[in-house]
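Summary of structural features
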Amino acid sequence: MELRLLLLFSTLLIYQTHTFEFVIDGDWDSELESHDNDPKSMELPPIFRRRRAILVSEEEEDFEAIKGHDITVKSYKVESRITSRFAHTTVRSSVINSGSTAQSIGFNVQIPKRAFITNFTMNVNGITFIGSVKEKTVARNLYAQARARGKAAGIVRANSQDMETFKTEVHVPPGSRVEFELHYQEVMQRRLGVYQHTLHLQPGRLVPHLQVDVHIFEPKGISAVEAPNTLGELFQGITTVTQGKDKAHVSFRPSLQQQRKCHNCTDSAVDGVFTVRYDVQRENNAGELQVSDGHFVHFFAPTNLSPLSKNIVFVIDVSGSMWGLKMKQTVEAMQAILSDLTLDDYFSIIDFNHNVRCWSEDLVPGSSINIEDAKKYIQNIKPNGGTNINEALQRAVQMLVKASNQGLIDQRSVSMIILVSDGDPTVGEIKLSNIQKNVKRIMREEFSLFSLGIGFDVDYDFLERIAMDNRGVAQRIYANHDAADQLRTFYSQVSSPLLRRITIQFPEGSVSDVTQSHFDKFFSGSELVVAGKLQSTGFPTLHSFTTASAATMDLTLQAETDIDELDPILNQQPHSVTGFARQMWAYITINQLLAERALAPNAQKKRTITQRILNLAVEHQFVTPLTALLIESESEKLLADSPKDPKHGCCSGSLGLRPPVQRLVHTIPPWAHATAPPTPSPATGHITIVDNDPHFIIHLPKRDMNVCFNIDSEPGKILNLVSDPGTGVVINGQLVGSKAPQNHKLKTYFGTIGVFYRPEGVRVNVRTDRIDVVEGKNNHSFSWGGTADIITKGVKISIEKDSKVTVVVDGRISAMVLLHRVWKRHPINVDFLGFYSPNDNQYSEQVHGLIGQFASEPDIKVFNVHDGPDPKKKEATMDIKGNKLSVTRGWQKDYREDKKRGSDVYCWFVHNSGKGFIDGHFTNYIVPSLDSFLPQDEECI
């Protein structure tokens, strides 16, 4: 169990002066300090490990937020304000010593491990102590002075799976009133599709004014929020949830009677975790950019992407210490995990004690036969012997390397090792630093190591270091009745990788001090966050450009935001977190620096990183492993010292978010500079158009003539535009009807345009609400809300935000689909698509379709031009394919430059749905699906 916070309170004045004092126990951090001065050593001294175990053994004691034998708790209030995933929590309590003698009053708060304390204030009988963060050297000096005066400090220890305990005691005379107030901040982490905010409520007694308020503000909108009752049946229906478009308020205010365990009980039933879960609206896969207070934050959490295949080696500790419940829970979890594997996944199992055994020497596919065999193998494991972690991990890496060299591993797949262990190495190489070096030396960049430490005997710090050093994360598994669930939950977070090699970039000169922007993997349900400082460029918007590799395609996604848009909105929100972007940037930067510091190769590098952490922590008032909270009034000073082993920081990395910071240099594409980036160009010159309801405009380049016709069909019908068996390309459009008839006629428009490239099995279906890219069984969806470039198997798809999609097949055939939006409440009109195709597409001689048939321009002659009933529209006779057609001179619209009004395109209009101009009747071009070619035996062809 990690020791995150060591709280040292000491008074610098004599007890008799103010008749209260702080009681302290523990000066164990001297081992930490001496160890920190030895940068070459990566292992904790044995004495520290023993003391840690002793402290952790106390975790079963009953926890109470307010402690004292004869006290009156007047109020206990918790308020969390969450703005754009950044949470600021304040815990306040007012207590009176109701006894007849002086006594100690304890104030205890369980806070998330990943949170930073930002302030602690206290008022004792009118004397107010206010906190400020200082460098830890100040803490050492004040601590020494306090010890010289006979004072001591209080210790903070971890005592739950995801929380740590802030503990302090103040000794006060009878009748004294004490008011406590603690502040802490954290960045919400998205896991399995939700953000979860947890507050521990354990007042330990009845409280007249007990209340919890959680205020959420998400500028882009809240998609869902819930506060499941996790406190027991007595509190069913007490919590209220109020949700608006971008705000939510969760309130829990039980009355004194509602707090009682029974009707006449004096004990409080409030004892547990108060949980709020929510998620946000996402307009597109490019992510969400927010700018505030001179800083920016980019949230990236794409959805609707097919998962990458996995190559997993499970490395399981089966030493004697795993005997009993630990092994039972591990086996139970592995049974479920193995069942989750698919045929596209490859896996093997290595179990180790003093020896190392492989279920299979090679990776094998996740077939039902292999999975069942692996389950039987796991079931029959009998723990015994020592722990040879070094050889087991090296064997796992070698197995992945062998599979890669043999071409068994798909280049777009994700390869990972999942280590499950409960103890320190006892056999073979036992020096932790050497094991770390051995694994690092043979590990390839495309592999990741995830470490799961079961129980408290394992050296979790080592597991965390070796995971961070190899693009993974570590997690502690608590050896209790739900350990199997913890293992399964962890696996579910890494079981669905969606992207690899993600890089988020910004125009040159537009930002500075950017946090980690290159990520090895992105897992479904999680979120990547990049933050930085905004530079003055004179441009009103900030752009981001994200490149990534998906299952079958490479992506380039563009997001943008107005840099002056958010701050005025935040100023109108009474519960928003002031300076959230600034604090979030500092929070992420400090955590990444702490991770870098843990892996620093030498003392000089470590000192440089340390100074950067100190500067940021003091500036942004975060209590980190290297800073302390100085609490003082006009006449007294107190000290709150923090956390865990300072080599490793206070916060463990989240999945996909904090692998070691890689100092990689990426070439920014030309379009990613501060000038407005160019967008995919529409087809230039004379083109063929199908737009509106639907009007066909066929350009015949040899005669420089445009011929128009309409198609009057039914909603749901699919019309073939291009059918080219020679190139394997087919383009079809599905009709959608207006909401109601107009002049007794129901108009139809294209609601979906489908492009199918048969040689590679790639389908691009452009709809009015989204763009689907399908390759085999992989289905990826993109919204119109973001600009993106997608390349997959000879097909390039360029999406321009809320405007158009350009599809280029094999570099020879291109098409552009234009989006027309209408007022959502319009009683008649609907959203629809326009289709634009250049005349220089390189079709084969077999091409046909309503448009494709004109790739080979027919002989055509227009004569006998004369006035018609409408003086603005001439009439004439058209001679084509042996048919003499009556045509009318008119015009249709080209909406490429002006989607609202369009530009006029003059043409000769052929009546009766193009009869005589097109081959056969238009019904011959109706096909059953968006990827259907025209039948080859059609008489009209």
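Structural data are supplied above this passage.
Below you will find a few notes about this structure. Note that this is a predicted model, so its numbers are computed, not measured.

Counting buried positions along strand β47 (residues 832-838) gives 7 out of 7 residues, so the element sits mostly inside the fold. Neither face of β47 is exposed, since F832, G834, Y836 and P838 on one face and L833, F835 and S837 on the opposite face are all buried. Across 4 bridges, strand β34 (residues 687-691) lies against β47 in antiparallel orientation. Within the sheet, the bridge partner assigned to I689 lies in β47 and is Y836.

Our focus in this paragraph is the sheet that holds strand β17 (residues 288-292). Sheet architecture is open: 4 strands sit in the order β17-β18-β29-β27, paired in antiparallel fashion. A strand with exactly one partner marks an edge of an open sheet, and here the two such strands are β17 and β27 (511-512).

The term disulfide refers to a covalent linkage connecting the sulfur atoms of a pair of cysteines. For the structure shown, the criterion picks out 2 disulfides. The residue that forms a disulfide with C262 is C265, at a sulfur-sulfur distance of 1.7 Å. Looking down the S-S bond of the C262 and C265 bridge, the torsion is 95°, so its handedness is right-handed. On the accessibility criterion, C262 (36% relative accessible area) is partly exposed. The disulfide bridge from C708 ends at C907, spanning 1.9 Å between sulfur atoms. The sign of the S-S torsion, about -120°, decides the handedness of the disulfide formed by C708 and C907: left-handed. Of the two residues, C708 sits in strand β36 (residues 705-710) while C907 sits in strand β51 (residues 903-910), which places them 199 residues apart along the sequence. Classification of C708 as buried rests on a relative accessible area of 1%. On the basis of relative accessibility, which here comes to 0%, the residue C907 falls in the buried class. Shown here for the protein chain is a disulfide pattern of 1-2, 3-4, where each number marks a bonded cysteine counted in sequence order.

What counts, and where the lines are drawn
Residues numbered from 1 in each chain as written. Predicted model: local features only at pLDDT ≥ 70, side-chain atom pairs only at ≥ 80, totals over all residues. Heavy atoms only, no water. Buried < 20%, exposed > 50% of the residue type's maximum accessible area, 1.4 Å probe, protein only. Helix = DSSP H or I, 4+ residues; strand = E, 2+ residues; numbered from the N terminus. Pairing = 2+ DSSP bridges. Disulfide = S-S within 2.5 Å.

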